[in-house]
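# Examination of the molecular architecture
What follows is the residue order along each chain.
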Amino acid sequence: MSQSDEFRYTHEHPQLGVEPLDTKRYYSETFFEQEREKIFKHCWLNIGREEEIPEPGDYIVRELEICKTSVLVVRGKDGQIRAFHNMCSHRANPVAWDERGHCPGVFVCRFHAWSYDTEGKLVSITDKDRFFDVKKEENGLTPISLDSWSGFIFINLQAEPEQSLAEFLSPADEAMKGYPFDKLSYTYFYKIKEKVNWKLLQEAQQEGWHLPYLHKNTLAKSATNSGELFRHAAVKCYGKHGLVSSHAPRDYKPSPSAAVSMKFGTGTFDAFAIEDEKDESANDFVWHGAFDLYHVFPNMFIGLLRGSFFTYHIWPLSVDESIWEVRFYYPKAKNAGELFALEYGKAGLRDALREDSFTHEKVQSVIASGAKEVLHFQDEELVLRNFNHFVDEYVNKV
Ligand code: FES
Ligand SMILES: [Fe+2]
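This report concerns the structure included in the present document.

Cut-off values and rules
- Think of each chain on its own: its residues are numbered from 1, step by step along the sequence as written.
- Ligands are numbered from 1 and chains lettered from A, in the order in which they are written.
- Only residues with pLDDT of at least 70 get local features here, since the model is predicted, and only at 80 or more are side-chain atom pairs given and counted; chain-wide, interface and lining totals rely on the full set of residues.
- Based on all heavy atoms of the structure, the side-chain values leave hydrogens and waters out of the count.
- Comment: elements are numbered from the N terminus, with helices defined as DSSP H or I runs of at least four residues and strands as E runs of at least two.
- Values of the radius of gyration come from C-alpha atoms, whereas the globule rule sets the reference at 2.2 Å times the count of residues to the power 0.38.
- Accessible area is worked out with a 1.4 Å probe on protein chains only. A residue is then buried under 20% of its type maximum, exposed over 50%, and partly exposed in between.
- Only heavy atoms matter for contacts: two residues are in contact if any of them lie within 4.5 Å across the pair.
- Using the Shrake-Rupley algorithm and a 1.4 Å probe, accessible areas are obtained, with residue cover drawn only from the displayed protein chains.
- Lys and Arg are tallied as positive, Asp and Glu as negative. Neither His nor the chain termini are counted.
- We put the charge of a Lys on NZ, of an Arg on CZ, of an Asp on CG and of a Glu on CD.
- Because no water is among the atoms considered, metal sites can look incomplete, with donors defined as N, O and S atoms within 2.8 Å of the metal, or 3.2 Å for Na, K and Ca.
- Just to be clear on the cut-offs, tetrahedral is four donors with all angles between 85 and 135 degrees, square planar is four donors and octahedral six with opposite donors over 155 degrees apart and all others between 65 and 115, and anything else goes down as irregular.
- Here a pair means two rings of Phe, Tyr or Trp (six-membered ring of Trp) with centres within 6.5 Å. Their orientation is stacked below 30 degrees between planes, edge-to-face above 60, and tilted elsewhere.
- Remark: a charge is flagged as sitting over a ring if the NZ atom of Lys or the CZ atom of Arg is within 6 Å of the ring centre and within 35 degrees of the ring normal.
- Any two strands between which DSSP finds at least two bridges are classified as paired.
- Axis angles are defined between N-to-C directions and span 0 to 180 degrees, where every axis is a line fitted to C-alpha atoms and, for a helix, only to the segment in contact.

## A closer look at the overall build of the protein
Each helix and strand in the protein was counted, giving 9 helices and 19 strands. The C-alpha atoms of the protein give a radius of gyration of 23 Å, which matches the 21 Å a tight globule of 398 residues would have. Dimensions of the protein, computed from C-alpha atoms along their principal axes, come out at roughly 80 × 55 × 35 Å. Each of the 398 residues in the protein was classed as buried or not, and the buried ones make up 53%. For the protein, contacts bridging at least 24 residues in sequence account for 66% of all contacts bridging at least 6. Counting only carbon and sulfur atoms, one obtains 53% of the accessible surface of the protein, whose full area is about 18,800 Å². Computed over 46 positive and 61 negative side-chain charges, the separation of the two mean positions in the protein equals 4 Å.

Okay, here's the thing in structure tokens:
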């Protein structure tokens, strides 16, 4: 077999080229400010799921440091979900201070008690007669564009988004169609603050090729055949979004504790090992492997497994600091065995996240030296190449 026959993915995307990638993008303050303005303030961003606010008046607050704002998402009396800048029209105090809660009727600003209803309308101005012609109807909360896909709530900070959410997600939304998101419930959350550029953090999740090395004592046993180079089940670009899929290994033998966990539930990364069994709950969803990990541009991952899914959100704080949020969704545990399976999976994931996190910070600690001007991506790392291609496309837009 010639060398080129080994290239399964990159040659299908000639527009991406095969050149190495410059490293300045990981430590340049100027580049980071462009990313803030042209990516995060332009793209649709997922900030939650609809079931987090099931009742009228329920709300969540998301601090979006990268966009220099706080976002209030609230379900109105009419059942509709809306988003606003969490900022009072008087002197800019956030009207909701808690991460989540229930608004019984109005949000009362804690600074001087102006109040707003769940549709963002300014209801009352404290000491109104002392103000100079401030009109209630012109001073509601500032709305933010919001839309949902498969229960995921997205916002867009452009005054008028240049694309609808459906246009923005296409064709990745189509690829995930049929996955039973609504049958799985939010179960646990990890939040990791790392000294790393947001792209470096993400790129380590956009390929499984590092599994046999970095994760040799954790995830590798669930996803690789011992002694073999890692090959994805699929690597795909869906416009600016991407997919890496992993096969179950042929020679997988669960440890005794993993075997118990697998008996009671899928709350384990050993679920990688389930590939051929028919997943009755997955409607007409088309699997590419045992574990399909979608990247939704610019900063979200949706990891699909048989019987569970998870999300990653990577929020930049500065050019070399980011937050990594991990949320896992499972069927509700009905007995002690299923609870054990969940805890087993949670602990197993924690160990792997530590391996990743430690490595991200190691990379960031040297990259700003400029000693290496470029990085190299191989064929299995196509999604990293595609991701950076679109980062450049957004940043270079006039
Ligand atoms: S800042 Fe909200 S009432 Fe003054
Ligand atoms: Fe990893």
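Next comes the rest of the description.
## A word on the coordination of the iron ion (ligand 2)
All of the protein donors around the iron ion (ligand 2) are His210 (NE2), His215 (NE2), Asp356 (OD) and Asp356 (OD); their distances to the metal are 2.0 to 2.6 Å. Here the iron ion (ligand 2) binds 4 donor atoms, and the angle range of 54 to 163° at the metal identifies the geometry as irregular.

## Concerning unusual backbone geometry
Following Ser170, the chain continues to Pro171 via a peptide bond in cis, the omega torsion being 0°. Checked against the element boundaries, Pro171 lands in the loop between α2 (165-169) and α3 (172-175). Note that the residue after Phe297, namely Pro298, is joined by a cis bond; omega there is 5°. In this structure, Pro298 sits in the loop between β15 (291-296) and β16 (300-305). Positive phi values are uncommon outside glycine, yet Ala92 reaches one of about 75°. By secondary structure assignment, the location of Ala92 is in the loop between β5 (81-85) and β6 (100-102).

## Considering the packing of aromatic side chains
Evaluated as defined, the whole model comprises 30 aromatic pairs. The interplanar angle of 90° and the centroid separation of 5.7 Å between the aromatic rings of Trp198 and Phe387 together place this pair among those described as edge-to-face. In this pair, Trp198 is assigned in helix α4 (residues 198-203) and Phe387 in helix α9 (residues 382-395), connecting sequence segments 189 residues apart. The structure contains a cluster of three or more aromatic residues connected by ring pairs, namely Trp149, Phe152, Tyr179, Phe181, Tyr186, Phe285, Trp287, Phe309 and Tyr329. Above the ring of Trp287, the side-chain terminus of Arg306 is found at 3.8 Å from the ring centroid.

## As for the sheet that holds strand β7 (residues 106-108)
Ordered in space as β7-β8-β9, the 3 strands form an open sheet in which the pairing is antiparallel. Taken across any chain shown, the strands that pair with only one partner, and hence form the sheet edges, are β7 and β9 (122-124). On average, each strand axis in the sheet is tilted by 35° relative to the strand beside it, whichever way the strands run. As paired elements, β7 and strand β8 (residues 115-117) share 3 bridges and run antiparallel to each other. The residue of β8 that forms the bridge with Val106 is Asp117.

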